[in-house]
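Structural overview
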Amino acid sequence: MTTPDVSVVVAVYNTMPYLTECLNSLVGQSIGVDRLEVIAVDDGSTDESGAELDRFAAKYPGTVKVIHQENSGGPAAPSNRALEMATGRYVYFIGSDDYLGEEALARLVGCADEHDSDVVVGKMVGTNGRYVHQALYKKSDPDVSLFRSALPFTLANTKLFRRELVEKHGLRFPEDLPVGSDQPFTIEACVRARKISVLSDYTFYYAVKRGDASNITYRANHLSRLRCTARIMEHAATLVEAGPDRDALFKRHFTWEIAKLIQDDFLALDTATRQEVCEGVAALADEYLTDELRDSLDVKRRVRICLAQAGAVDALVRAVTEEADHGAPPFHLEDGRAFAMYPGFRDDALGIPDRVYELVGEAVPGRLAQGTELIAAEWDQSGDDLAVVLTVRIGVLGDTGSTTVRLAKGAMPKAADKPGARRLPSGHQLPSDGGECTVGVAEDGRATTVRTRVPVHAVKAKLGVRVYVDVAGSTYEIPVKTKGKPLPLARRWRQAVPYRVSANQNPKGRLVITTAPLWEIKPGAGQRLRHMLSRLKRKVSR
């Protein structure tokens, strides 16, 4: 019998009706059923999954092989059993609720053969709202590093592995991990691989979020996820020695697995479980969170992890609660540095270093936009002179002398739409349309208010109201949103050549000041008028 190019492993447990699409996508692969074997292990399904597997096995004898076994509690045991049966040169794993693009296996095998790759990762996307990290798929690369790429954020086993590598190192899935059992396998395979390739020019894999969100990833509780994360990191630590490479790998776990334990749903836990979660997070941080890795985290995750590490459960609860209720806290600006004012900041009783709260190389346009809003707007007119008086709130405190409000021509770049603001490139010139600012602290003490009088000029223009502020060495441009605040009525000003000025909210909710002549002479109107007068003069002279 000819050795198949690839053995596809499918661990199955109660995934109907998604299983049918999964299997159809496998037997319909362009590589052909003669170069493929599908090994499906029914892990004690109680729905129609077992019968569906048998139907495909009968329809595709010699290609689809089915094993039925008692439920093992997770995908590890059925995956291991399938590996024992695999005969292909390569092995590929797919979730039984997911499906492949038609050319997926042919392209993956072709890449592995061409580049002598031990692991090949094909572009993966989510469906039904399932999130899939995309940074790895910006471009194809025949030789990527586990430690100098986004690969640590893509550690699922949904990849092509050279089976010789798997068997040489005895790679198997830990059967006592209910969540994340694919990570130890994937990490070790990538550490031991001679070459890892990434293909981004085709959608290989469609990860489906079930309508009932019953994927195993979505069902595990906090303590189970904590224990599994600890096991994954312990195993990885035996493969990668302490240093920059391990930090690069573990950044994923502190950013995802650990940080997710202390997000909004942490508040729903009872007091004892909160304490146990924090103790587990502290143990992992004590062991693996180096200063360099800590600094590389975004400030929100860093503060929460370090509060847990310090045993400051009450402060952590306040941090999560206040951010959920009121948004991110303001930044305290001091000597060119910026600190997020989460609970515990400069609390002598906790003794957490300022560095934990500091912005370290992180861009924060979204946080600044979230804390910026219009308080009031009005016209101030004296004869032909007109100005708009604006009062704006912005979520910074401390050294706020750089803060200014100005009128800017042109739209914000589209890249600023999602965060709602942007960090300006070094040397960027601010708009000249500005006025003197009066800066004070808001009544609630959580923001700065800026009041400014900006002259309005008699020109045809559409100008956005923008706040400019220096935060941690960078200047940010923040379009001011009205957020339902009343705006002054449009008015006419100037006598000789009257103009109209209006303050409006654009479709993105941003405040725009529009000026234009009250009566505009259309282009060519003067020439047409002269022509008409010339004709009239000729008629009269006759």
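Description of the structure in this document.

Cut-off values and rules
Residues numbered from 1 in each chain as written. Predicted model: local features only at pLDDT ≥ 70, side-chain atom pairs only at ≥ 80, totals over all residues. Heavy atoms only, no water. Pairing = 2+ DSSP bridges. Helix = DSSP H or I, 4+ residues; strand = E, 2+ residues; numbered from the N terminus. Axes fitted to C-alpha atoms, helices over the stretch in contact; angles between N-to-C directions. Buried < 20%, exposed > 50% of the residue type's maximum accessible area, 1.4 Å probe, protein only. 1 Å grid on protein atoms, 1.4 Å probe; cavity = no way out; pocket = protein on both sides within 12 Å on 5 of 7 lines; lining within 4 Å. Points joined across faces, edges and corners; volume = space filled by probe spheres on them. Phe/Tyr/Trp six-rings, centres within 6.5 Å; stacked < 30°, edge-to-face > 60°. Contact = heavy atoms within 4.5 Å. Parallel < 35°, antiparallel > 145°, perpendicular 65-115°, else oblique. Left-handed = near helix turned anticlockwise from the far one by under 90°. Nonpolar A, V, L, I, M, F, W, Y, C, P; charged D, E, K, R; others polar. Core = buried A, V, L, I, M, F, W, Y, C linked by side-chain atoms within 4.5 Å.

1. Considerations on the sheet that holds strand β14 (residues 385–394)
One open sheet accounts for four strands, arranged β13-β14-β20-β19; its pairing is antiparallel. Each of the sheet's edge strands pairs with one partner strand only, and the pair in question is β13 (373–382) and β19 (437–441). Neighbour-to-neighbour, the strand axes of this sheet turn through a mean angle of 15°, independent of strand direction. Here nine bridges tie β14 to strand β20 (residues 448–456), and the two strands are oriented antiparallel to one another. Each bridged residue has a counterpart across the sheet, and for threonine 391 the counterpart in β20 is arginine 451.

2. Quick notes on unusual backbone geometry
Backbone torsion omega between methionine 16 and proline 17 reads 5°, so that peptide bond is classified as cis. Mapped onto the secondary structure, proline 17 falls in the loop between β1 (6–12) and α1 (18–27). Positive phi is not limited to glycine here, since arginine 346 has a value of about 55°. In this structure, lysine 483 is a non-glycine residue whose phi angle is positive, near 50°. Relative to the helices and strands, lysine 483 resides in the loop between β22 (474–479) and β23 (491–493). Looking at lysine 483, the relative accessible area reads 43%, which means it is partly exposed.

3. Thoughts on the sheet that holds strand β7 (residues 124–127)
On the basis of which strands lie adjacent, the open sheet formed by three strands has the order β5-β10-β7 and mixed pairing. Of all the strands in the sheet, the pair left with one neighbour each is β5 (99–100) and β7. Pairing between β5 and strand β10 (residues 205–208): two bridges, direction antiparallel. Its bridge partner lying in β10, tyrosine 99 is registered against tyrosine 206.

4. A few points about the layout of surface pockets
Quantified by volume, the second largest pocket comes out at close to 430 Å³. What lines the second largest pocket is a set of 17 residues, among which Thr255, Trp256, Ala259, Asp298 and Arg301 lie closest to the centre. Listed by contribution, the elements that provide at least two residues to the lining of the second largest pocket are α8 (244–258) and α11 (299–309).

5. Considering the pairing of strand β21 (residues 461–471)
Moving residue by residue along a regular strand, the side chains alternate between the two faces of the sheet. Counting buried positions along β21 yields nine of 11 residues, so the element is predominantly enclosed. Alignment of strand β16 (residues 404–409) against β21, held across six bridges, turns out to be antiparallel. In the sheet register, valine 405 faces β21, and the bridge partner there is valine 467. In the sheet, β21 pairs with strand β25 (residues 511–517) via four bridges, with the strands oriented antiparallel. Its bridge partner lying in β25, leucine 463 is registered against isoleucine 513. Between β21 and β22, which pair antiparallel in sequence order, lie two residues; one of them, alanine 472, sits at a positive phi of approximately 50°.

6. What to know about α11
Buried residues dominate α11, accounting for eight of its 11 residues. Within α11 the residues assigned to the buried category are Val299, Arg302, Val303, Arg304, Ile305, Cys306, Leu307 and Ala308. Two residues or fewer past α11, glycine 311 is found with a positive phi of approximately 75°.

7. Digging into the packing of aromatic side chains
What the rule picks out here adds up to 14 aromatic pairs. Seen from their ring centres, tyrosine 99 and tyrosine 206 are 4.7 Å apart, and the 10° between their planes marks the pair as stacked. Highlighted residues: tyrosine 99 in strand β5 and tyrosine 206 in strand β10, separated in sequence by 107 residues. Judged by relative accessible area, tyrosine 206 falls into the partly exposed class, the value being 24%.

8. With respect to empty space enclosed by the protein
Unfilled space is identified by rolling a water-sized probe across the atoms. This model, assessed by the stated rule, comprises one cavity of 30 Å³ or more. One number sums up the size of the largest cavity: a volume of about 40 Å³. Forming the boundary of the largest cavity are Ala319, Glu322, Glu323, Gly327, Pro329, Met341, Tyr342, Pro343 and Arg446.

9. Topic: the side chain of aspartate 118
Along the chain, aspartate 118 turns up in the loop between α4 (104–115) and β6 (119–122). Residue classification places aspartate 118 among the buried positions, given a relative accessible area of 3%. Beyond its immediate sequence surroundings of up to four residues, aspartate 118 is in contact with Leu160, Phe161, Arg162, Leu165, Ala193, Arg194 and Lys195.

10. Here we look at the packing of helix α6 (residues 182–192) against helix α7 (residues 222–239)
At a minimum axis distance of 10 Å, the contact between α6 and α7 shows a crossing angle of 15°. With respect to each other, α6 and α7 are oriented roughly parallel. In terms of crossing hand, the pair formed by α6 and α7 is right-handed. Facing α6, whose interface residues are Gln183, Pro184, Ile187, Glu188, Val191 and Arg192, α7 presents Ile232, His235, Ala236 and Leu239. Among the residues making up the contact of α6 with α7, the classes are represented as six nonpolar, two polar and two charged.

11. Focus: the nonpolar core
Val6, Tyr92 and Phe254 are the most contacted members of the largest nonpolar core, which has 152 residues in total. Ranked by residues supplied to this core, first place goes to α7 with eight residues. If we skip the residues at most four places from it in the chain, phenylalanine 254 touches Met233, Ala259, Leu284, Ala285, Tyr288, Leu289, Leu293, Leu297 and Ile305.

12. As for the packing of α7 against helix α9 (residues 271–288)
Packing of α7 against α9 brings their axes to within 10 Å, and their N-to-C directions diverge by 10°. Taken together, the axis directions place α7 and α9 in an arrangement best described as roughly parallel. Facing His222, Leu223, Leu226, Thr229, Ala230, Met233, Glu234 and Ala237 of α7, the residues of α9 in contact are Thr273, Glu276, Val277, Gly280, Val281, Leu284 and Tyr288. The residue inventory of the contact of α7 with α9, partitioned by class, reads nine nonpolar, four polar and two charged.

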